[in-house]
Amino acid sequence: MTAMVRPGHNVSELCLEGDKFLEAGELSRATSLYMSAFRTHAASTVSHMRKLKSHLSGVISTLEGWLDGHGENQPLEGFNKGLVAVFLSTLCPNNLSATIFKMESLLQGGRHGCEEIFARCTALLDGKQNPHPQGATGIVLEITRALACLFSEPHSIKGLKLYLRAYQSNKSETITLVRRRQAQHVPKIVRAITDQLLHMHPSLILDSECAVTAVENDKPDEKASTIIEFLLAISPGHREVQELQAVHLFLTGRFGDSADVYSALLHHGHCQKTSESSTDKSFQDTPEKRARLLTGRAAACLSAGGQTAEACRDLGEAFEIHPATARVYFQKLFTDTGTGLAARNHLRQQAERGLSGYKDRVLIRPDLRSSEGVELLDPVITQLRALCRLEPDGGGRELRVRLADCLLLRGEHKEALSICSQLAAAQGQQSYQNTVQVLRGYARLLSEDHKGALEDFQAVIEHNTPHPSSCVRALCGRGLLRMLGGLNYLTALDYVTASRLQPQETALTVRCLVPWNYRGLLVTVLLEQGRVMLEGTGEQESKSCSSENPQQPQQGNQPQAKSKRDNHRSGLGTPAGVQSLAVLLMELQPGADGSQILAADALYQLGRVEEAYRLLLSVGPTSPRAPILARLALLQLHRGFLYDTNQLLKKLIQCGDTSCLRPLLAVAQQKDRGLLQAHCHSAAKRILGGTREEIAVREAVAYLSIAIMASGGEAADSLLERARCYAQLGQRKTAIFDFSVILKEHPKHVQALCGRGFTYLMLNQQKECTHDILAALHINTDIVIKDILSLKDKARKLVCDWLHQFCRTNLSDILVAHAVPCHEEQLREAFIIGGALMRTDCRDPRWHLLYVDTLLAKGEVKAAGAHLCQVFGQEPRDAVAQARVGVVEAWQQNYRSAACRLSKLTEKDSSSLDLLLALIPLNQRKRVAQAAAQEASNVSSGGQWHQAVSLLTVAVQAVGNHRLQYLRQRAACLAQLGLHERAIADLDRVIQRHDGSDISCSDDPKVWVEDLCRRGRSLVVCSREGAALEDFTRALELHRNRAIQCVEAGLGRLRLAECFLRGALQHYANQQLDKAWTLIECGLVVDSENAELRRLRARVKREVASPCNVN
């Protein structure tokens, strides 16, 4: 495109090279080479160029294109347009393009030579020197002359007219050339033309004092419109011109277009805030200017009509940004034009509309704690503030009250408190006093001044003629303070009162004025207290129904005065008050089921059953179904729809949550509770009568649980059935609990006692089982026996065994404490248990024996004998039965036969011998012992040692330790049988009696020696030589001769001496020389000729005498 110019090339070479490109038709390259040559040597280059002749015109055209700036090819960067102009003027003197470029260059330097440029351009345009220029060149001359005129005579309108003439001749070309060739002069052009326009039309200047009076007389004409159009064309982003356009459009009645221009300006100003760069630094978006633009747009929107909301919003924002500027422009654009009053009315109406919209938005909030929609109050507050600022005294009382209300709703409680305090302190002005006080109360509450807030709320409530809405707000505020103080019941009373006065205002107050973090707690408290009020009413109704009696007419003379609290509750804590509170809670939490259930319960208590039913049916499917189903079932039962009741109860049981019935039954009528109890009990009995599978039993338990709850836990029949079901399901402890509940109210309930006893039987708790069954036997034996017989064989046998065991133990205790015959009262339990056992199973002999023993304990010997003969025959074969016959014979003083019969028992059941002997009176018992001992002597002489032992056992147990001779005899018999251990035991008892008494008072020492020797002999036989040697040693010490005689009759001297030797050696080995010496001496007493004992004695003697003993 361009030729590279290399250093060292001379002018002729450049020109020749340019000629080549020129001949090739590349004018741009050729012209560039000629320019390089011209810069190197101008004269030689010009001389060469003149020789080109026909080709010179192409070079000139290229140079003109470069100067005009619209050619396709531009000069190299090293060539400036000034050099191009000089080269062109040299080649073609008076060239128009070069001339224009020179004039533009002079204008860039300032105002010097502007008159000459103006004259030159005029001459060129008039065609005095050259032909009249045409096309773009003419327009360039026109705008150049206009610029020169504008610079030379800035206050003259001549330059403006020249620009307008050029613009009107060819608008697009003029604008293009001005923006391209006079770009750096555009701000000055705009500024100069703007000043001249404002001078011509002062009405466009809103800041001037004369603008107000000139608005009517000085209407902008078409020329002003053209001027503004031209200015916007050459400087589209000039905001001052745009504002002039907006004002011009407003003054000419084109309000919609004016509003659009104002909107564009405001939008540009908003964007300018967010961006540091701005094309128009001269028009910074200050608060004053923004307020002016907003006011202007408000006037345009209001005048255009249909944009009242936008106009009011702009006015409010203008007064919020810069109140002074907004007030001035409001005066000029509204008041002075007669639309000020209308604008104020629109502001007021829009504020009211905005506040109403906010309240509607608040009432449909899905979340009670949400602050959604609070931003809707911002334009309302700005509009109210604008109205206040438009008033000369800062706004009337009504406006300021409304402003304080909105500020409080917005959360600006400090400013609201300031306004309310000023209004309350105003002297002589009592209007809106209740509203001011309640607003100040909430402002104080939010400022943590609870005492001051309570004073304000109380003053509103106690006012003689309170404002309804203010009173409702005051009640809500006082209720909130009471809740914070823990007075939940009084809180509920306040909200009941408020909801009955104005429910919607109450809901709005809770959603707006109660702090968000208290709303959830407040709703919970109100729900709980509403339930408390409703349940209290239900309890009072139940008590009143249950306490009705024939003496009621006599109560007419009693005073009917109630406490003040009762009077208050009668008006507020009634179902009607609770229903209004529930409606409020439903509005606060539309999707919550608690408030809907509370409302349904209140409607039920009011007798509006159909409404309650429809309300419950409208509850959404997402809510918990159990409380809804329970209430629907009760309502259907109340209405007599039994089939629906059954279906609903089945669904309720399937839910598995019957605990929800408790709050329902607390408010249910006594009649309906009775119906529900009977219905559920019958359903359970019907289920249990069909099948006993686990699923059916569990279903029956659910029905019985509902019946029990309906009765208040007093349905004994339902409790009994449920306890049995629990026992069947294996939940035995739960069954015991139900039985115990019955017995707590009905201690003599036989079936409950038996049921609990049998449940204890399953848990293997013998004591508790026996206690309950015995208590039941005391009340009704027939029922208990029937229940016992209904048990399975294993369980029945175990119950009978436990009763028998208890009776045996009890009878033994009685016989130990009391001598026979005993009183009938003492044996009552034994007779009851014995009779019951015999009726349960008459074939078991144990029960008959127990009955016989009881008769004998009472002293009825004949009855006992008769029963024995009836059951066991005249001569029983069983030893235990023969033993009882022996007791009867003992009573009949046939002691020998009695002893023989009793001795047979010792062989099979010796443990029961003590009991049988206790059934014999003491004197007869001693004679039986004597007879047994005598008979034992007789049979022992014949070698019948076993029979002798049995008889002596009867004798010993009959008199105990009082006759030691019986023990000695039995020990001798046992020794004869080789039962030395038992013999030793008997002799221990004998010798202990010796040890326990003083020797001088004891038996003959010879007898004591005999006892010791007998026990020693048995101990040696049992290989217990150590203990045996002690007995023999003591016997030798007591009476040596008698001891030697016993030894000779028993073990013999030699054997005993060997025992003493072994014992002495053992002690000697352990260096127990004293003990060894004693045994040696005793052994030598028994056998003095024993050589081993003599040697051992000598050895011990030497060791004891030796001064040193080395081991």
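See the structure printed just above.
Residues numbered from 1 in each chain as written. Predicted model: local features only at pLDDT ≥ 70, side-chain atom pairs only at ≥ 80, totals over all residues. Heavy atoms only, no water.

Engineer: It is not clear to me how the overall build of the protein should be interpreted in this structure. Could you clarify?
Structural biologist: Helix and strand counts for the protein come out as 59 helices and 0 strands. A buried classification covers 49% of the 1111 residues belonging to the protein. Long-range contacts, defined as pairs at least 24 residues apart, comprise 62% of the intrachain contacts of the protein with a sequence gap of at least 6. Accessible surface, the protein as shown: approximately 53,300 Å² in total, 50% of it carbon and sulfur. (Helix = DSSP H or I, 4+ residues; strand = E, 2+ residues; numbered from the N terminus. Buried < 20%, exposed > 50% of the residue type's maximum accessible area, 1.4 Å probe, protein only. Contact = heavy atoms within 4.5 Å. Areas by Shrake-Rupley, 256 points an atom, 1.4 Å probe, with all protein chains shown as cover.)

Engineer: Hey, could you run me through the packing of helix 33 (residues 625-639) against helix 36 (residues 670-690) in this one?
Structural biologist: Two numbers describe a pair of packed helices, the interaxial angle and the distance between the axes. The interhelical angle for the contact between helix 33 and helix 36, taken along N-to-C directions, is 100 degrees, at an axis separation of 10 Å. By the angle between their directions, the pair helix 33 and helix 36 is classed as roughly perpendicular. Packed against helix 33, whose contacting residues are Leu634, Leu637 and His638, the element helix 36 presents Asp672, Leu675 and Leu676 at the interface. (Axes fitted to C-alpha atoms, helices over the stretch in contact; angles between N-to-C directions. Parallel < 35°, antiparallel > 145°, perpendicular 65-115°, else oblique.)

Engineer: What exactly am I supposed to notice about the side chain of threonine 506 here?
Structural biologist: Structurally, threonine 506 is set in helix 27 (residues 503-512). Discounting residues that sit within four places of it in the chain, threonine 506 has contacts with Val472, Cys476, Tyr495, Ala498, Ser499 and Leu584.

Engineer: What exactly am I supposed to notice about the nonpolar core here?
Structural biologist: In a soluble, globular protein the nonpolar side chains are often hidden away together inside. Judged by nonpolar contacts, the single largest core of 190 residues is most densely connected at Phe334, Tyr495, Leu652, Leu676 and Ile773. Membership of the second largest hydrophobic core comes to 59 residues, among which are Val885, Ala929, Val954 and Leu974. (Core = buried A, V, L, I, M, F, W, Y, C linked by side-chain atoms within 4.5 Å.)

Engineer: For this particular structure, what's the right way to read the pattern of salt bridges?
Structural biologist: A side chain of one charge can pair with a side chain of the opposite charge when the charged atoms of the two come close. A full pass over the atoms with the stated rule returns 45 salt bridges. Measuring nitrogen to oxygen at the nearest pair gives 2.8 Å for the salt bridge that ties arginine 608 to glutamate 611. Residue glutamate 611 is classed as partly exposed on the basis of its relative accessible area of 31%. Close ionic contact of arginine 843 with aspartate 841 constitutes a salt bridge, the shortest N to O distance being 3.5 Å. The exposed category is assigned to arginine 843, whose relative accessible area is 73%. Here aspartate 841 falls in the partly exposed class, since its relative accessible area comes to 25%. Connected through salt bridges with shared partners, the residues Arg968, Glu1010, Asp1011, Arg1014 and Arg1042 form a single ionic network. (Salt bridge = Lys/Arg side-chain N within 4 Å of Asp/Glu carboxyl O.)

Engineer: In this structure, what is going on with the side chain of serine 940? I would like to understand it.
Structural biologist: Tracing the backbone through its elements, the reader meets serine 940 in helix 50 (residues 922-941). Residues in contact with serine 940, not counting those within four places in the same chain, are Trp945, Ala948 and Cys973.

Engineer: How should I be thinking about the packing of aromatic side chains in this particular structure?
Structural biologist: Tallying each qualifying case throughout the model produces 2 aromatic pairs. Aromatic pair tyrosine 442 and phenylalanine 457: ring centres 5.0 Å apart, planes at 65 degrees, arrangement edge-to-face. A residue pair is termed long-range when its members are at least 10 positions apart, and tyrosine 442 in helix 23 (residues 433-446) and phenylalanine 457 in helix 24 (residues 450-461) qualify at 15 residues. Relative to tyrosine 851, the ring of phenylalanine 831 has its centre 6.2 Å away and its plane inclined at 75 degrees; by these criteria the two rings are edge-to-face. Note that phenylalanine 831 is positioned in helix 44 (residues 828-840) and tyrosine 851 in helix 45 (residues 845-858), a separation of 20 residues in sequence. When its relative accessible area of 23% is taken as the criterion, tyrosine 851 is described as partly exposed. (Phe/Tyr/Trp six-rings, centres within 6.5 Å; stacked < 30°, edge-to-face > 60°.)

Engineer: How should unusual backbone geometry be read in this particular structure?
Structural biologist: Note: most peptide bonds trans; most residues except glycine with negative phi. The omega torsion across valine 820 and proline 821 is 0 degrees, close enough to zero to call that bond cis. Residue placement: proline 821 occurs in the loop between helix 43 (793-817) and helix 44. Positioned with a positive phi, glutamine 893 is a non-glycine residue whose angle comes to about 65 degrees. As for its placement among the helices and strands, glutamine 893 is situated in the loop between helix 47 (879-891) and helix 48 (895-908). When its relative accessible area of 55% is taken as the criterion, glutamine 893 is described as exposed.

Engineer: Is there a simple way to explain the environment of alanine 299 in this structure?
Structural biologist: One can find alanine 299 in helix 16 (residues 287-304). Not counting residues up to four positions away in its chain, the partners in contact with alanine 299 are Phe250, Leu333 and Phe334.

Engineer: Hey, could you run me through the environment of valine 609 in this one?
Structural biologist: Mapped onto the elements, valine 609 comes out in helix 32 (residues 609-617). Judged by its relative accessible area of 11%, valine 609 is buried. Valine 609 sits 29 residues away from histidine 638 along the chain, and the two C-alpha atoms are 8.6 Å apart. Every residue in contact with valine 609, bar those within four places of it in the chain, is listed here: Leu603, Leu635, His638 and Arg639.

Engineer: I keep staring at the packing of helix 31 (residues 593-605) against helix 33 and nothing clicks. Help me out?
Structural biologist: At their nearest, the axes of helix 31 and helix 33 sit 11 Å apart, and the two run at 15 degrees to each other. The angle between the axes of helix 31 and helix 33 places the two elements in the roughly parallel class. Classified by chirality, the crossing of helix 33 by helix 31 is left-handed. Only Pro627, Ile628, Arg631, Leu634 and Leu635 of helix 33 make contact with helix 31, whose side of the interface consists of Ile597, Asp601 and Tyr604. (Left-handed = near helix turned anticlockwise from the far one by under 90°.)

Engineer: Where do I start with helix 33 in this structure?
Structural biologist: For the α-helix, the turn length of 3.6 residues means that residues three or four positions removed from each other point alike. Here helix 33 is 15 residues long and its end C-alpha atoms lie 21 Å apart, about the 21 Å a rise of 1.5 Å per residue gives. Taking burial as the measure, the 15 residues of helix 33 include 12 buried ones, the bulk of the element. Every buried residue of helix 33 is accounted for by Ala626, Pro627, Ile628, Leu629, Ala630, Arg631, Leu632, Ala633, Leu634, Leu635, Gln636 and Leu637. With its phi angle positive at about 90 degrees, glycine 640 sits one or two positions after the end of helix 33. (Expected span 1.5 Å × (residues − 1).)

Engineer: For this particular structure, what's the right way to read the environment of valine 887?
Structural biologist: On the secondary structure map, valine 887 appears in helix 47. Here the alpha-carbon distance between valine 887 and leucine 917, two residues 30 residues apart in the chain, equals 7.4 Å. Residues in contact with valine 887, not counting those within four places in the same chain, are Leu856, Leu902, Leu916, Leu919 and Ile920.

Engineer: Please explain helix 17 (residues 308-321) as it appears in this structure.
Structural biologist: Helix length check: helix 17 (14 residues) gives 20 Å between terminal C-alpha atoms against 20 Å at 1.5 Å per residue, within 8%. The complete set of buried residues in helix 17 reads Ala311, Cys312, Asp314, Leu315, Gly316, Ala318 and Phe319. Looking at the buried side of helix 17, the elements it contacts are helix 16, helix 18 (323-335), helix 19 (340-363) and helix 20 (377-390).

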